[in-house]
Amino acid sequence: MSMLPPVTEDARLIKALYDLVFWLAVGVFVLVEGLLIYSVIRFRRRRADELPLQVHGNRTLELIWTIVPSVLIAIVFGLAVDTMTRMTARGTLANPVAHVHAIGDQQARRRVEAAQPVDMVIEVIGRQWVWQYRYPGGDVITTEELVVPANKNIRLDMTAADVIHAWWMPQLGPMIYVNPGEMSYVWFNVPPGEYVGQCNVYCGVAHANMIARVRALPQAEFDEWFAQQSAAASVAVEPGDPERGRNYFMNSACVACHYIEGTKAQGKVAPRDLTRFATYPTIAQVDGLENNAENLRRWLKDPQSLKPGTAMPNLNLKAQDVEDLVAYLLTLR
Amino acid sequence: MASISIPVPWRARAKSGLLGWLATVDHKKIGLMYMVMAFSFFIGSGILGLLIRVQLAAPNQTFLDPQTYNQVFTMHGTGMIFLFTIPMVVGGFGNYFLPLMIGARDVAFPRLNAFSFWITLGGGLVMAMAFVLGARSDASWIAYVPYSNKQYSPTLGMDIWLIGLILTGVGSTLGAVNFLVTVYTMRAPGMTTWRIPMFVWAMVTTAAMVLLATPVLTAALLMLVADRNFSTQFFTANNARLWQHMFWFYSHPAVYIMILPVMGIVSEILPVFSRKPLFGAKAVVISTILIGILGFTTWVHHMFVSGVDPVIERFFMFTTMVIAVPTGVKVFNWLATMWGGSIDLKTPMLMAIGFLAMFVIGGLSGVIQALVPVNQYVHNSYWVVAHFHYVLFGGAVFGIFAGLYYWVPKMLGRMFDERLGKLHFVLMFIGFNLTFFPMHILGLMGMPRRIATYMAGRGWETGNLIATIGAFIIALSLLVFFVNVIKLRHAPKAGNDPWEGNTLEWTIPSPPPEYNFRHIPVVESDRPAYDERMRALPH
Amino acid sequence: MSSTASVSQVVSAEVAHANQNRKLGMWLFLSSELLIFAGLIGAFVLTRRSVFLRGEEWWHATPFSTALVSLNTFLLLASSLMVVLGIESIRRNENRKLQRYLALTALLGSLFLAGQAVEYSILIFEEGHSFADPFGSAFFTLTGLHGLHVLVGVIWCLTTLLVARRGKFHAHNYTTVEIFGLYWHFVDLIWVIIFTVVYLT
């Protein structure tokens, strides 16, 4: 009955509060269940005609079990407020940070920027059904994982592209909703390691697949990784590999909607069975959209532009993943 | 017993057969129909619950595809809340026993009562039939916008879900009007304020909550229907929190709408099977009313992580925690009622004790998750799923079964088999805890609710497997209950008062005649049936 | 101890009881209705607020429509007065007067609806509003639901009038009229709130 080991100050504060109140609750639980079990055993009916003393109440007792719980509640409330004021991401009581505000609310935005000095700001977009991370400079965009430098102050500026999502990394501190049309913020500073969490507001078919991973690397390793990513972003992609494509397909949101016989893909949202995809004349039954590698590439990059209103979302696939998926899908005969 | 002779109304000569049920305006028949309807939806939604547990028994399962899974949990929640618990406790027990317990021959508006039932049934059937035929909502029972907008939920099922809820809402609002008027104007002579039975107090509070909370949900549902079908912009022009506020303004009080009547049932059963009056009856009544009022001041605790002002968060954290005080008063008064009593562990009493033992867990976890920082961890996790099942299954369902074992002898005139009843209790108690206790731990380990599957390797396998096994034990316990119901046909007769009850329904035959009371009773204390029994004793 | 009342006493007691029930029931029903309107008025206010926050333009009533709506408000208030006078008449057993006042109530209610229709047509055809803009969503839903209540009220009024023509009401039996009156005053009261919130702020 314990929370996952915290790695940030906020998460530690949350866990400390929880642990304290949990054991308090265990105390109340033992008291109530103890009285209940004792009564059932001690006061069981022994003779069919016994009539116990007809007690209607007791003013003193009533007062005791009204006042004592009230005091307990007041203490716990005080502890919680204390924790809230200490949680770094929230600023001070005098100037509560509007941690969620409408995009374009400049005043709130300035308060956020003044709240804490940060070493790096990463933009996060939650969309059905991936988290997309945009690094400073705008060249590097990742989706599978968020790589950050360890022991640095990081701020995530988050918004949603479609429906409500929630950023929940249990070990990293407070959860927050990520709303369309609004900005939400998370601050953290973590030791090296890998942390996992996931979207925590139901957001549709592949909600369960909307995993969030954070990998914190020492600064030097992070710089190396970042340089690689920046280079990869400008380098041409290599030819698609069907095996890699298959791997990507089976381990992403694709399987939630698509059906391919004999595989993990058992989704029934997409109208067409993909088992023999390569034999179909068109893509997504769009007139004139002939089923070939070039059109498939266009389709995967932006389905809505080719068939407005289709249930297939823009998954913001990376160029290499598109190549691999095209290679894989065209092997399905 | 003192009584007043008022001629039995002409309606006493009721029609029999199928037409007798379809055209009835008798509160008892309507109550029974509510119960049969609610129980059918309990079975249906329970089967959906089993499907959920099968899917989650192990990681990466494909027993249900994700879309079907999402439709299944949406209907599981909707069915259990709107079509089972509320109609069962308010429509079923309320209709049958509220008039009997206040010594009335019917409710104030019998025809309106029938209308409430048929419109509730209509709403339920529309949703259920659409579900069976494939027009299903998958937006979960809270149907947050923008996911439930036309753009992201284009299905007909979503519209049908909304319309079904509007209909059941109208039904329960009209029912609430009926109950309030009935209790206000139709109590038997001598039934002064503090002589009103606990269950009736609970129903009055519940009815007032239904009356004031439901219309706000109805307005929100109408606005969403308009957004989806007439391109209005209520929830797109505003931020999505407008829906959240309006939805929870109803749906948090709805928790008390489900639990207060059950607390009323338990407050009736514990004294009877302890052979003592309810300890601190006034305090219990006052706590009921306080819970009803405070129930309207807590809804924002569902939105602690959706982005509300920190000052508002503190306010709602406080009001939410304060509810623990009147709830605690109830719990301690129930314990004090049993203390020094003569406790007879018949099945209704076992179920009531089960309620008390399990509800306490749900109440405590409720206080813990009301703390904003803790809520920022457990919100929407399986911890919350565990919490509200301890309140609504450990609390409401155990209480409902307590009520059924207690009152079915009155309604049908036959006694349940005690051994089967105890077996039912033991199996359900074990199965319930196996299913829902591990969910606390799963939530703390990071498992979100409403996920169709999960990866291996996050430590969630064991807890989920135990929960699935527990769910099948619950199903088995319900089979035992059905056997017990079938055996009722040939069970021994109940007589007027099999339990040495305290309230007026035990002074008349089982099942009660159409007109309830041949003579309107005159009430002289809060335990009229007890008084009558005492008078009959040889001095 | 058993006391027996005469059948006629019991029957008149039960009728009085039933009448009291119906009035209380109507009050409770209206309290529920009040909250539906509270929800929609709240949505209207929030929609207006969020439009302001985004720095967009909200709707302004033209002098003509302000005059029209003020006239409409007056009509509805006058109709409430007619109901009061009608109930006063039947208390004095003046059935003919009751019928006249009910007819006037229905007439004023219908005029209100006609005025609303004119206002709607200006908003839709001249100003180009529809359900699909933020103002239109909030405005048409709120006033539309209220208009629906007026329509129901007018039909109810005419039904009551028909019953009155058959001479069913007299000084000791007019609860049905009173209950209609409760409803009509409620619809009137809601309009005053809507008028204040929508047009005067």
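None of the values given here were measured: they were computed from a predicted structure. (Residues numbered from 1 in each chain as written. Chains lettered and ligands numbered in written order. Predicted model: local features only at pLDDT ≥ 70, side-chain atom pairs only at ≥ 80, totals over all residues. Heavy atoms only, no water.)

Of all the bends in helix α3 (residues 66-101) of chain B, the largest measures some 50° and sits at G94(B). Trailing α3(B) by a residue or two, G103(B) shows a phi angle of about 75°, which is positive. (Bend = angle between axes of the 7 residues up to and from the residue. Helix = DSSP H or I, 4+ residues; strand = E, 2+ residues; numbered from the N terminus.)

This paragraph deals with the sheet that holds strand β5 (residues 146-149) of chain A. Residue and element names in this part refer to chain A. Taken in spatial order, the 3 strands make up an open sheet running β5-β11-β10, and their pairing is mixed. Two strands close off the open sheet at either side, each with one partner strand: β5 and β10 (193-198). Direction aside, the axes of adjacent strands within the sheet are offset by 20° on average. Both β5 and strand β11 (residues 211-217) contribute to a ladder of 4 bridges, which runs parallel. Among the inter-strand pairings, V147 is bridged to a residue of β11, identified as R215. (Pairing = 2+ DSSP bridges. Axes fitted to C-alpha atoms, helices over the stretch in contact; angles between N-to-C directions.)

Right, let's talk about the interface of chain B and chain A for a bit. Counting residues at the interface gives 95 residues for chain B and 90 residues for chain A. Carbon and sulfur atoms make up 69% of the surface buried where chain B meets chain A, a total of about 7,700 Å² over both sides. Linking chain B to chain A there are 2 salt bridges. Across the pair R45(A) and D344(B) runs a salt bridge, and its minimum N-O distance is 3.5 Å. Taken together, the connections running from chain B to chain A amount to 22 residue pairs in polar contact (both at pLDDT 80 or more). Only α3, α8 (241-274), α9 (281-294), α10 (310-322), α11 (324-338), α12 (347-370), α13 (372-378) and α15 (418-444) of chain B provide two or more residues apiece to the side of chain B that touches chain A. (Contact = heavy atoms within 4.5 Å. Buried area = accessible area lost by both parts, 1.4 Å probe. Salt bridge = Lys/Arg side-chain N within 4 Å of Asp/Glu carboxyl O. Polar contact = N/O pair within 3.5 Å; in protein donor to acceptor, adjacent residues only side chain to side chain.)

Turning to the arrangement of the chains, a few remarks are in order. In this assembly, 2 pairs of chains are in contact, and the pair with the greatest number of contacts comprises chains A and B. Left apart from each other, chain A and chain C have a closest C-alpha approach of 8 Å.

The next thing to look at is the environment of A58(B). By secondary structure assignment, the location of A58(B) is in the loop between α2 (27-56) and α3. Along the backbone, A58(B) and L465(B) are 407 residues apart, and their C-alpha atoms lie at a distance of 6.5 Å.

Enumeration according to the criterion identifies 89 aromatic pairs over all chains in this entry. Relative to F437(B), the ring of Y390(B) has its centre 6.4 Å away and its plane inclined at 85°; by these criteria the two rings are edge-to-face. With Y390(B) in helix α14 (residues 382-412) and F437(B) in helix α15, the pair connects residues that are 47 residues apart, well separated along the chain. On the basis of relative accessibility, which here comes to 0%, the residue Y390(B) falls in the buried class. Overall, F437(B) belongs to the partly exposed group, its relative accessible area being 32%. Note on Y406(B) and W506(B): the rings are 5.1 Å apart at their centroids and 65° apart in plane angle, and the pair reads as edge-to-face. In this pair, Y406(B) sits in helix α14 while W506(B) sits in the loop between α16 (461-487) and β2 (520-521), placing the two residues 100 residues apart along the sequence. Y406(B) gets classed as buried once you look at its relative accessible area, which sits at 0%. Here a set of aromatic residues connected by ring pairs shows up, and it is made of F230(B), F44(C), W58(C), W59(C), Y120(C), F131(C), F135(C), F139(C), F140(C), F195(C) and Y199(C). In this arrangement the basic side chain of K282(B) is found over the ring face of W194(B), its NZ or CZ atom lying 5.0 Å from the centre. (Phe/Tyr/Trp six-rings, centres within 6.5 Å; stacked < 30°, edge-to-face > 60°. Buried < 20%, exposed > 50% of the residue type's maximum accessible area, 1.4 Å probe, protein only. Lys NZ or Arg CZ within 6 Å of the ring centre and 35° of its normal.)

So, about the sheet that holds strand β4 (residues 141-142) of chain A. Residues and elements named next belong to chain A. An order of β1-β9-β6-β2-β3-β4 is seen for the 6 strands of this open sheet, with the pairing classed as mixed. Each edge of the open sheet is held by one strand with a lone partner, namely β1 (100-102) and β4. Relative to strand β6 (residues 154-160), strand β2 (residues 120-127) runs parallel, the two sharing 7 bridges. Looking at β6, one finds that G126 is bridged to A160. Running over the sheet, helix α3 (residues 106-115) touches β1, β6 and β9 (182-188) and is turned about 5° from β9.

The next point concerns the pairing of β2(A). Residues and elements named next belong to chain A. Here β2 pairs with strand β3 (residues 130-134) via 5 bridges, running antiparallel. By the bridge assignment, I125 is partnered in β3 with Q132. In this structure, the hairpin formed by β2 and β3 is closed by a connection of 2 residues.

All names here are of chain A. Structurally, the position occupied by T310 is in the loop between α8 (303-306) and α9 (319-329). Look at T310 and you get buried, because its relative accessible area is 15%. If we skip the residues at most four places from it in the chain, T310 touches W299, P303 and Q304.

Below, the discussion takes up a positive patch on the surface. All names here are of chain C. Together, R96, K97, R100 and R165 line one region of the surface with positive charge. With 3 residues, the single largest contributor to the positive patch is helix α3 (residues 95-126). Among the secondary structure elements, R100 is positioned in helix α3. R100 gets classed as exposed once you look at its relative accessible area, which sits at 55%. (Patch = residues over 30% accessible without salt bridge, like charges linked within 9 Å, V, L, I, M, F, W, Y side chains within 5 Å. Areas by Shrake-Rupley, 256 points an atom, 1.4 Å probe, with all protein chains shown as cover. Lys, Arg positive; Asp, Glu negative; His and termini not counted. Charge placed at Lys NZ, Arg CZ, Asp CG, Glu CD.)

A separate point is the state of the cysteines. Residue and element names in this part refer to chain A. Following the criterion strictly, the structure yields 0 disulfides over all chains and no others. Note on C199: no disulfide assigned, nearest cysteine sulfur contributed by C203 at a separation of 3.9 Å. Under the relative-accessibility criterion, C199 is labelled buried at 0%. Given the relative accessible area of 0%, C203 is considered buried. (Disulfide = S-S within 2.5 Å.)

The subject of this paragraph is the pattern of salt bridges. When charged atoms on two side chains of opposite charge get close, those side chains can pair. Under the counting rule described, the total for this entry stands at 28 salt bridges over all chains. Where D417(B) meets K487(B), a salt bridge forms, and the shortest distance between an N and an O atom there is 3.0 Å. With D417(B) in the loop between α14 and α15 and K487(B) in helix α16, this pair connects stretches of sequence that are 70 residues apart. Residue K487(B) is classed as partly exposed on the basis of its relative accessible area, which comes to 41%. Members of the salt-bridge network, linked through shared partners, are K23(C), E88(C), R91(C), R92(C), E94(C) and E178(C).

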